[in-house]
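Each chain is listed here by its residues.
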Amino acid sequence: AQQFGMTEALEILGVKAINDGTSTGSHHFSNGDLIESYSPVDGQLIGKVRTTTAADYEKVMETATAAFLTFRAMPAPQRGEIVRQFGNKLRELKEPLGKLVSYEMGKSLQEGYGEVQEMIDICDFAVGLSRQLNGQTIPSERPGHVMREQWHPIGVVGIISAFNFPVAVWSWNTALAWICGDVCVWKASEKAPLCSIACQNIIAGVLKANNLPEGISCIINGDYKVGEMMTTDTRIPLISATGSTRMGRIVGATVAQRFGKSLLELGGNNAIIITPSADLKVVVPGAVFGAVGTAGQRCTSTRRLIIHESVYDKVRDAIVGAYGQLTIGNPLDQKNHIGPLIDTDAVNTYLAAIEKAKAEGGKVLVEGGVLSGAGYESGCYVKPAIIEAENSFEIVQHETFAPILYLMKYSGEVEHAIALQNGVAQGLSSAIMTNEMKEAEKFLSFAGSDCGIANVNIGTSGAEIGGAFGGEKETGGGRESGSDAWKVYMRRQTNTINYSDQLPLAQGIKFDL
Ligand code: UN1
């Protein structure tokens with residue numbers, strides 16, 4: 001594989017270090033203030049991006065709504081061809097884009113590449129799906145009648161994404177929305193704006209090469225006020241938002257107020273149940289990657305280990321031992337397992353959570369703390385911590401976006417562990433480590449995990465795109481990505497067609513004239 005330096009990667013992606021926010025490729029209609037993007041890796045300014053004003057937003061929406069009229073008329077498999085070309089471009093640009101993700105967001109380079117791979121995968125999935133947007137035929141109770149269901153493009157899809165997956169979550173939405181015939185307006189996180197410009201540049205090139213309107217993919221930049229322009233806009237029938245439960249509560253209520261649809265993918269508080277028969281060879285890497293991968297900033301990150309008392313000491317020692325092997329540092333250096341948190345605010349939240357856990361009676365097993373000195377100048381590097389805690393602690397009930405892992409014991413049957421696992425307000429991801437078939441099946445049954453994702457003998461994070469992704473309760477209930485998640489990007493229409501000469505009414509109603 002070719003190796004690019006960071007400057008070269010930024011240049012290839014059209015986001016070469018800039019100071020005035022004007023040379024950001026196809027980032028149109030932005031005349032607002034500048035957002036500065038500093039890398040948590042080295043604290044350096046990567047570039048500046050102009051935010052979207054209300055007037056800019058109107059231009060974006062005009063472009064998007066006009067593009068929808070063209071795009072919805074294009075046969076779905078031809079739209080699939082556009083997504084195929086986009087996926088191929090991503091294959092070509094996997095290295096520079098993965099690098100930018102790693103540099104702007106701070107996740108390890110392996111995970112940066114993994115994120116771009118997730119984009120490629122969803123494109124492949126969407127291409128196949130573009131020939132399978134099938135409706136059903138339904139038997140009619142009336143003679144000479146037939147019923148049918150059709151799926152039509154829904155319109156402009158508003159996407160709000162978080163800093164932690166600055167490119168993949170957008171593509172889960174867009175790849176499906178595009179084959180469905182929708183156009184997209186994306187408000188990326190103001191903490192990773194250059195990633196959004198890079199993605200926009202890539203798709204803009206594909207659209208241009210195919211003589212398609214640029215409004216098929218639009219971006220708007222800025223803080224929550226820019227997001228509000230979309231959530232209150234009746235021209236946007238669907239808002240897909242990923243982020244905190246606090247944000248989702250506001251977005252969901254605002255969109256519901258105007259009878260829009262929302263797809264919410266919010267906080268998680270994911271646990272792994274470790275039973276007496278669990279295989280430590282699987283438990284240790286599963287739990288450790290889950291807890292420290294992306295520095296604990298995935299919505300699927302493992303936050304709690306619920307361990308059977310009979311194996312508690314053995315499992316605790318193995319996990320604590322594994323933490324001793326972890327290297328923290330520049331995520332672009334593949335020797336390091338863990339990069340920085342996104343910013344110093346996140347560092348403060350992490351420190352406060354550790355203090356809170358201690359104040360509530362938690363026992364620190366692996367000490368946290370902020371790293372300083374050479375290589376840690378950005379002030380965003382922290383040590384992953386392990387704390388023995390009770391599920392009922394207030395802090396344990398909350399999602400802290402940082403590498404803090406809470407350990408707790410259960411005794412007796414697996415039902416007790418399931419009750420603890422379900423005993424939080426969030427419902428995204430969950431896992432059980434067991435070699436007992438009955439325990440695994442109980443965990444997966446209606447009386448088992450209440451999460452949208454429930455795994456056996458793998459951790460809580462790192463879902464493949466083929467399955468529907470999302471969760472219940474405060475996680476928001478939305479499903480993105482695979483399975484039949486595409487249906488939310490379309491509007492369903494039920495048709496009844498009469499091919500007889502009579503007009504019999506349904507339910508046997510007589511109406512004689
Ligand atoms: C997220 O953290 O918002 O399952 C998405 C995972 C990744 C996606 C995480 N495929 O961990």
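Everything here concerns the structure above.
Sequence order sets the numbering: in each chain, residues are counted from 1 along the sequence as written. Only residues with pLDDT of at least 70 are given local features in this predicted model, and only at 80 or more are side-chain atom pairs given and counted; all residues enter the totals for whole chains, interfaces and linings. The side-chain numbers reported here are obtained from all heavy atoms of the structure, hydrogens and water having been left aside.

1. Remarks on the site of the ligand
Threshold: What makes a residue near a molecule or strand is one non-hydrogen atom of that residue sitting within 4 Å of it. The definition of a polar contact used here is a pair of N or O atoms within 3.5 Å, where within protein one atom must be able to donate a hydrogen and the other to accept one, and adjacent residues in sequence count solely through side-chain atom pairs. Per-residue and other accessible areas follow the Shrake-Rupley method at a 1.4 Å probe size, with only the shown protein chains counted as cover for residues.
Around the ligand sit E118, N164, F165, W172, E265, R298, C299, T300, S461, G462, A463 and F469, and that is every residue in its neighbourhood. At 3.1 Å, a side-chain N or O of E118 approaches a nitrogen atom of the ligand. Burial of the ligand by the protein chains amounts to 99% of its free accessible area of 330 Å².

2. Some words on the packing of helix α13 (residues 414-422) against helix α14 (residues 437-444)
The test is simple: In this analysis, axes come from line fits to C-alpha atoms, helices being fitted only over the stretch in contact, and the angle between any two N-to-C directions falls in the range 0 to 180 degrees. Each helix is a run of H or I in the DSSP string that is no shorter than four residues. Each strand is a run of E no shorter than two, and both are numbered from the N terminus. Roughly parallel refers to an angle under 35 degrees, roughly antiparallel to one over 145, roughly perpendicular to one between 65 and 115, and oblique to any angle outside these ranges. Take the far helix as your reference; a near helix turned counterclockwise from it by less than a right angle gives a left-handed crossing, and one turned clockwise gives a right-handed crossing. Any two residues whose heavy atoms approach within 4.5 Å are treated as being in contact. Note on residue categories: nonpolar means Ala, Val, Leu, Ile, Met, Phe, Trp, Tyr, Cys or Pro, charged means Asp, Glu, Lys or Arg, and polar means any other residue, Gly included.
Running from N to C, α13 and α14 point in directions that differ by 30°, and their axes come no closer than 10 Å. One element, α13, and the other, α14, form an angle in the roughly parallel class. Regarding α13 and α14, the two cross each other, and that crossing is right-handed. Along its contact with α13, which presents V414, E415, I418 and Q421, the element α14 presents E439, K442 and F443. When grouped by side-chain class, the residues that make up the contact of α13 with α14 number three nonpolar, one polar and three charged.

3. A short note on the sheet that holds strand β21 (residues 490-498)
Spelled out, the test is: At least two bridges found by DSSP between two strands are what make those strands a pair.
A sheet is described by the order of its strands in space; here three strands give the open sequence β3-β4-β21, paired in antiparallel fashion. Of all strands in the sheet, those with a lone pairing partner are β3 (137-138) and β21, marking the two edges. As defined by bridge partners, β3 adjoins strand β4 (residues 145-153) across two bridges and the pair is classed as antiparallel. Within β4, the position partnered with T137 by the bridge is R148.

4. Examining the nonpolar core
The line we're drawing: Residues belong to one nonpolar core when they are buried, are Ala, Val, Leu, Ile, Met, Phe, Trp, Tyr or Cys, and are joined through side-chain atoms within 4.5 Å. Throughout, exposure labels follow a simple rule: accessible area from a 1.4 Å probe, protein chains only, divided by the maximum for the residue type, with under 20% read as buried, over 50% as exposed, and the rest as partly exposed.
Counting residues in each nonpolar core, the largest one holds 152 residues, and the members touching the most others are I319, Y323 and Y406. Once residues within four sequence positions are removed from consideration, Y323 is found in contact with V288, A291, V292, V366, P384, A385, I386 and L405.

5. Brief notes about the pairing of strand β9 (residues 261-265)
Which entries qualify depends on this criterion: We call a crossover right-handed when, viewed with both strands directed away from the observer, the connection leading from the first strand over the helix to the second proceeds clockwise.
As defined by bridge partners, strand β8 (residues 238-242) adjoins β9 across five bridges and the pair is classed as parallel. Bridged to I239 within β9 is S262. Between the parallel elements β8 and β9, the chain passes through helix α9 (residues 245-257) in a crossover that is right-handed.

6. With respect to the packing of aromatic side chains
Two descriptors summarise a pair of aromatic rings, namely the distance from one centre to the other and the angle between the planes of the rings. Test applied: We call Phe, Tyr and Trp rings a pair once their centres come within 6.5 Å, taking the six-membered ring for Trp, and we label the pair stacked below 30 degrees between planes, edge-to-face above 60, and tilted otherwise. We count a charge as sitting over a ring when the NZ of a lysine or the CZ of an arginine lies within 6 Å of the ring centre and within 35 degrees of the ring normal.
Applying the stated criterion across every chain, the model contains eight aromatic pairs. With a centroid separation of 5.7 Å and an interplanar angle of 80°, the aromatic rings of F86 and W178 are classed as edge-to-face. Taken as a pair, F86 in helix α3 (residues 76-92) and W178 in helix α6 (residues 168-179) lie far apart in primary sequence, 92 residues in all. Considered together, F86 and W178 belong to a single accessibility category, that of buried residues. Among the aromatic residues, those joined into a cluster by ring pairs are F86, W170, W178 and W186. Sitting over the ring of F71, R79 keeps its end group 5.9 Å from the ring centre. When the ring centre of Y312 is taken as origin, the NZ or CZ atom of K409, which lies over that ring, is 4.8 Å away.

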